[in-house]
Amino acid sequence: MEPLPLGTYVTAPTDEQLAATPYGRLHTYDLADFLARWPDLHREALSLLGDRRIHPTAFIHPQAIVGEDVIVGPHAKVYEFSTVRKGSVLCAGASVGFNCEVTSAFVGEGAVLGHRIGINRTIVGNRAHLSAGVTVAAIAVSADMSAPEREICLRTRGGAYRCGTAQFGAVLGDRVQTGNNISLGPGVLVGRHSQIDSGVTLAIRAVPENSVVTAPHTAQTRIRSRNAGVQEMLP
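Owing to the predicted nature of the structure, the values given are computational and were not obtained by experimental measurement.

**Student:** Lay out the environment of Pro-74 with the relevant residues and their values.
**Tutor:** Positionally, Pro-74 belongs in the loop between strand 3 (71-72) and strand 4 (77-78). Each C-alpha atom of the pair Pro-74 and Gln-17 lies 8.3 Å from the other, and the pair is 57 residues apart in sequence. Beyond its immediate sequence surroundings of up to four residues, Pro-74 is in contact with Asp-15, Gln-17, His-55, Thr-57, Ala-92 and Gly-93.

**Student:** Please give an account of the state of the cysteines that cites residues and values.
**Tutor:** Counted according to the given criterion, the structure contains zero disulfides. Here Cys-100 is not disulfide-linked; the sulfur of Cys-91 is the nearest cysteine sulfur, at 16 Å. Judged by its relative accessible area of 3%, Cys-100 is buried. Cys-153 takes part in no disulfide bond, and the closest cysteine sulfur to it belongs to Cys-163, at a distance of 6.7 Å.

**Student:** Could you give an account of the confidence of the model for the chain, naming the residues involved and the relevant values?
**Tutor:** Summarising the model, the chain shows a mean pLDDT of 93, and 92% of its residues fall at 70 or more. Contacts for the low-pLDDT stretch residues 229-235, under 50 throughout, to residues beyond four places or in other chains number 17 contacts.

**Student:** Give me the lowdown on the side chain of Gln-17, citing residues and values where you can.
**Tutor:** Considering the arrangement of structural elements, one finds Gln-17 in helix 1 (residues 16-19). Engagement of the side chain of Gln-17 in a polar contact is seen with the backbone oxygen of Arg-52, the distance being 2.7 Å.

**Student:** Go over the layout of surface pockets, please, and point to the residues and values.
**Tutor:** Taken as a whole, the largest pocket spans an internal volume of roughly 340 Å³. In terms of lining residues, the largest pocket is bounded by 20 residues, among which Leu-4, Tyr-9, Thr-156, Arg-157 and Ala-206 are the most central. Listing elements by their share of the lining of the largest pocket, those giving two or more residues are strand 15 (153-156), strand 16 (159-162) and strand 23 (205-207). Take the lining of the largest pocket: its biggest share by element is three residues, from strand 16. Per-class residue counts for the lining of the largest pocket are 10 nonpolar, five polar and five charged.

Parameters at a glance
- Residues numbered from 1 in each chain as written.
- Predicted model: local features only at pLDDT ≥ 70, side-chain atom pairs only at ≥ 80, totals over all residues.
- Heavy atoms only, no water.
- Helix = DSSP H or I, 4+ residues; strand = E, 2+ residues; numbered from the N terminus.
- Contact = heavy atoms within 4.5 Å.
- Disulfide = S-S within 2.5 Å.
- Buried < 20%, exposed > 50% of the residue type's maximum accessible area, 1.4 Å probe, protein only.
- pLDDT = per-residue confidence, 0-100.
- Polar contact = N/O pair within 3.5 Å; in protein donor to acceptor, adjacent residues only side chain to side chain.
- 1 Å grid on protein atoms, 1.4 Å probe; cavity = no way out; pocket = protein on both sides within 12 Å on 5 of 7 lines; lining within 4 Å.
- Points joined across faces, edges and corners; volume = space filled by probe spheres on them.
- Nonpolar A, V, L, I, M, F, W, Y, C, P; charged D, E, K, R; others polar.

So this is what it looks like as structure tokens:
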């Protein structure tokens with residue numbers, strides 16, 4: 001099995017608050033190794049930061065919920081009715097919009113989560129932008145969804161890659177841009193500077209950098225004139 005170095009997809013935080021923690025070495029880890037060690041690495045980061053885990057310049061709306069084990073970097077923002085929990089990290093300048101749920105996730109510097117975003121066990125790169133209604137699932141459908149056991153595997157150019165865990169959503173690389181109403185995961189890798197168009201559903205796949213992912217049904221949308229009865233195919 002060929003390794004999947006996270007540095008191929010995302011940039012480690014450069015702000016001094018996080019750069020001095022294990023997250024400053026994010027780019028050096030293989031994906032499966034990082035997923036296995038993530039809880040311990042996060043505990044180490046919390047220990048190093050102490051009462052500085054939420055930067056004084058961060059904005060947290062009074063109607064947002066931020067867990068006691070969450071790290072929030074300088075000038076990061078969490079807007080109303082959003083929940084950030086279970087060891088998540090918001091790097092410098094990251095923004096979590098209205099009515100989002102961020103669970104066990106890493107959100108890179110300057111990344112934007114729009115409205116009604118739900119991500120779980122996911123790494124979002126620097127300056128990525130997720131539009132409204134993007135969901136990233138972290139577990140495969142099974143007989144007992146409350147106790148997932150099925151290991152997440154994905155297809156890459158080098159063959160099958162075993163993540164070594166039953167809970168992994170996605171790695172969305174630096175400057176990935178998405179449309180709305182998108183369902184990703186489990187087990188998705190999206191390379192840097194890629195675009196995911198609205199309506200896409202994608203799982204257990206690796207997408208190379210500088211790609212465009214389009215939902216087939218959007219290309220097949222038909223427009224019919226109410227007056228003439230003429231049917232046209234969108235180009």
